[in-house]
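Survey of secondary and tertiary structure
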Amino acid sequence: MISHLNRSFVLLLGIILILSCEKEKNKRVLQFPKTDLAAQNMIPKPLKVITTEGGFALDQFTAIHTSETATGFIDVAGFLAEKIQAKTKLDLSVNGTPSENQEGVIYIHRSDSLEHDAPEAYQLYVTPDSVILNSNTPEGAFRGVQTLRQIISEVPNDTLAEYPVWTIPTGKIVDSPSFEYRGSMLDVARHFFSVEDVKKYIDLLAYYKYNVLHLHLSDDQGWRIEIKSWPKLTEVGGSTEVGGEAGGFYTQEDYKDLVAYAAKHHITIVPEIDMPGHTNAASVSYPFLNGNGKTPELYEGMRVGFSTFDTRKDTVYAFIDDVVGEIAALSPGPYFHIGGDESHVTKKSDYIHFVEKVEKIVQKHGKRMIGWDEIATAGIDSTAISQFWASKENAQLALDKGMKIIMSPAKKAYLDMQYDTLSKHGLHWAAYIPTDSAYIWTPEEYEGIPMEHILGLEAPLWSETISNIDELEYLAFPRAIGYAELSWTPKENRDWENYKVRLANQAPFLDRMNVKYYPSPLIDWKKSKFTYEEIKKD
Ligand code: TNX
């Protein structure tokens, strides 16, 4: 009996055979010298790349096929078709009936016999006739699709035929991530960013194989998510932001839309409600929450560490139960982030009491708690995750408790740090982080935290100094691209000189996406043939 997988493989071979026989006469075998795929465009650099001479012709006669019954694969194929359309204007069919003109096929195939068994592992084989992307999961196929997008030539080769043909260099890629958690955080509290802005950030993160977007949804300057049982949080607490502009917030529908959009990109949203400090906006909305002894007033400055919840009131925990419950119900991911940083006006014993109580609430709502590194000072259990940002001592406390750690050291991984003294936006309290220094460090070994305890890497983008998408992009890019490689590619395969070339080659993509990246003078940026405005006019 042939298994379902084998059946689909036989079908694939059939399709390839029919197509290659029918078209033998006209077949265009694209000849070009062996290219080092990895040295050219791909970020993060895949684990193993074997190149061969030649190319696959991507044109109007190419079709996409998938394992039909493998859940999620058709969506991944649809995503690929959409992105190929955006890049080339070609409309490729997904699982259509082969037409007699059809030439090459891209097959996205579910396979459980890969060299690596991580859920996001994939293998990509490109020959002149076919592109075969194998993975055991839709996530893995989705990551492989990003690799494929990156190696499709930027412009069509117009000398080959009367119609445009894009090339995909032939070879084999075997790939799997080194960390399971590869994230960026966006602070939508200090300045609010619209659903559309966040979606664009998701598009860009997905292209570099990120799988987590952490949203910092509340802080002293603003509360950004609708809580139906506590409506003033957004009515009052959502009305301000740093610098006195109008603020804003996501309705639950907006948030669901973001969660769904992220899921389509195989990205998990991690919601954060920062407490017991960073809570001024909540306490202005509901003053009973306040524990700092002053009358809370709306705040639009940049100072930190002056606010706290009253950690000894039952009503505060009833409030937190409602908030965590509503957000957890909208968040399919496994995590809930409770903040926990810089609670400078909370007594130490109160802080510990608070974190321990909130951990139980988070668990009751079926989520695993994440908090900034200070949370490890409380008596929490090993399932909680500590996000290392500043304190080695706190990291050690987390290790002693057997907790996992997310690496976000401010000196290396903070996207809001200025590149240098000339940077238009950003802060520099932790460091200046130029593009090379963002890349040249080893999260696997940082501060002696053992690799087995590292869940992954996250690059936070705090927004005190940025208030629109252009400014967001200036700070995030190109550094976020480097963090993608640090969290996917093992340290043995990383090298700044090699990375620099691949980063330079991202310029056409970034331009096409209208990303206002910081043009670091350390990089010899590849000039795009067309400006974003010219591409849009087409
Ligand atoms: C520290 S990092 C903070 C944030 C600020 C950031 C600015 C951390 C857990 N807390 O409240 O926005 O510095 O760089």
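That block above? That's the structure.
Just so it is clear, the model here is predicted, and its values are computed rather than measured.

All right, on to the overall build of the protein chain then. Check the secondary structure of the protein chain and you find 18 helices and 17 strands. Here the C-alpha radius of gyration of the protein chain, 25 Å, is about what a compact globule of 538 residues would show, namely 24 Å. Here the protein chain holds 538 residues, and the buried ones make up 60% of them. The long-range fraction of contacts in the protein chain, counting pairs at least 24 apart against all pairs at least 6 apart in sequence, stands at 73%. As displayed, the protein chain has an accessible area near 20,800 Å², and 53% of this comes from carbon and sulfur atoms. Charge centroids of the protein chain, computed over 54 positive and 75 negative side chains, lie 2 Å from each other.

Let's shift gears to the site of the ligand. Close to the ligand lie 14 residues; Arg190, Tyr414, Asp416, Trp429 and Glu464 are nearest. Measuring from a nitrogen atom of the ligand, one finds a side-chain N or O atom of Asp341 at 2.9 Å. Between Trp429 and the ligand, the recorded distance is 2.7 Å, taken from a side-chain N or O atom to an oxygen atom. Against a free-state accessible area of 360 Å², the protein chains account for coverage of 97% of the ligand. Taken together, the residues that form the shell around the ligand break down as 8 nonpolar, 1 polar and 5 charged.

Buried together is how nonpolar side chains tend to be arranged in soluble globular proteins. Ranked by size, the top nonpolar core spans 146 residues in total, and within it Ile320 and Tyr483 carry the most contacts. Apart from residues lying up to four places away in sequence, Ile320 is in contact with Met275, Phe309, Gly325, Phe354, Val358 and Ile361. Membership of the second largest hydrophobic core comes to 8 residues, among which are Tyr335, Ile370, Ile406 and Leu455.

As a further point, take the pairing of strand S15 (residues 385–388). Residues Ile385 and Gln387 of S15 are buried on one face, and the alternating residues Ser386 and Phe388, pointing to the opposite face, are buried as well. Judged from the 4 bridges that link them, S15 and strand S16 (residues 404–407) form a sheet pairing that is parallel. Looking at S16, one finds that Ile385 is bridged to Lys404. As for the winding sense of the linkage, the β-α-β connection from S15 through helix H11 (residues 392–400) to S16 is right-handed.

Before going further, it helps to spend a moment on helix H4 (residues 138–151). Between its first and last C-alpha, H4 extends 20 Å over 14 residues, near the 20 Å set by a 1.5 Å rise per residue. Within H4, 13 of the 14 residues are buried, which leaves the element mostly enclosed by the surrounding structure.

Applying the stated criterion across every chain yields a total of 29 aromatic pairs. Relative to Tyr163, the ring of Phe61 has its centre 5.1 Å away and its plane inclined at 90°; by these criteria the two rings are edge-to-face. Taken together, the residues span a long stretch of sequence, with Phe61 in the loop between strand S1 (48–58) and strand S2 (63–66) and Tyr163 in the loop between H4 and strand S7 (166–175) at a distance of 102 residues. With centroids separated by 6.1 Å and ring planes inclined at 80°, the aromatic side chains of Tyr208 and Phe509 adopt a geometry described as edge-to-face. Taken together, the residues Tyr208 in the loop between helix H5 (195–207) and strand S9 (212–216) and Phe509 in helix H17 (residues 507–512) connect sequence positions 301 residues apart. The class for Tyr208 is buried, based on a relative accessible area of 1%.

Criteria and thresholds
- Residues numbered from 1 in each chain as written.
- Predicted model: local features only at pLDDT ≥ 70, side-chain atom pairs only at ≥ 80, totals over all residues.
- Heavy atoms only, no water.
- Helix = DSSP H or I, 4+ residues; strand = E, 2+ residues; numbered from the N terminus.
- Rg over C-alpha atoms; globule rule 2.2 N^0.38 Å.
- Buried < 20%, exposed > 50% of the residue type's maximum accessible area, 1.4 Å probe, protein only.
- Contact = heavy atoms within 4.5 Å.
- Areas by Shrake-Rupley, 256 points an atom, 1.4 Å probe, with all protein chains shown as cover.
- Lys, Arg positive; Asp, Glu negative; His and termini not counted.
- Charge placed at Lys NZ, Arg CZ, Asp CG, Glu CD.
- Near = heavy atom within 4 Å.
- Polar contact = N/O pair within 3.5 Å; in protein donor to acceptor, adjacent residues only side chain to side chain.
- Nonpolar A, V, L, I, M, F, W, Y, C, P; charged D, E, K, R; others polar.
- Core = buried A, V, L, I, M, F, W, Y, C linked by side-chain atoms within 4.5 Å.
- Pairing = 2+ DSSP bridges.
- Right-handed = clockwise from strand over helix to strand, strands pointing away.
- Expected span 1.5 Å × (residues − 1).
- Phe/Tyr/Trp six-rings, centres within 6.5 Å; stacked < 30°, edge-to-face > 60°.

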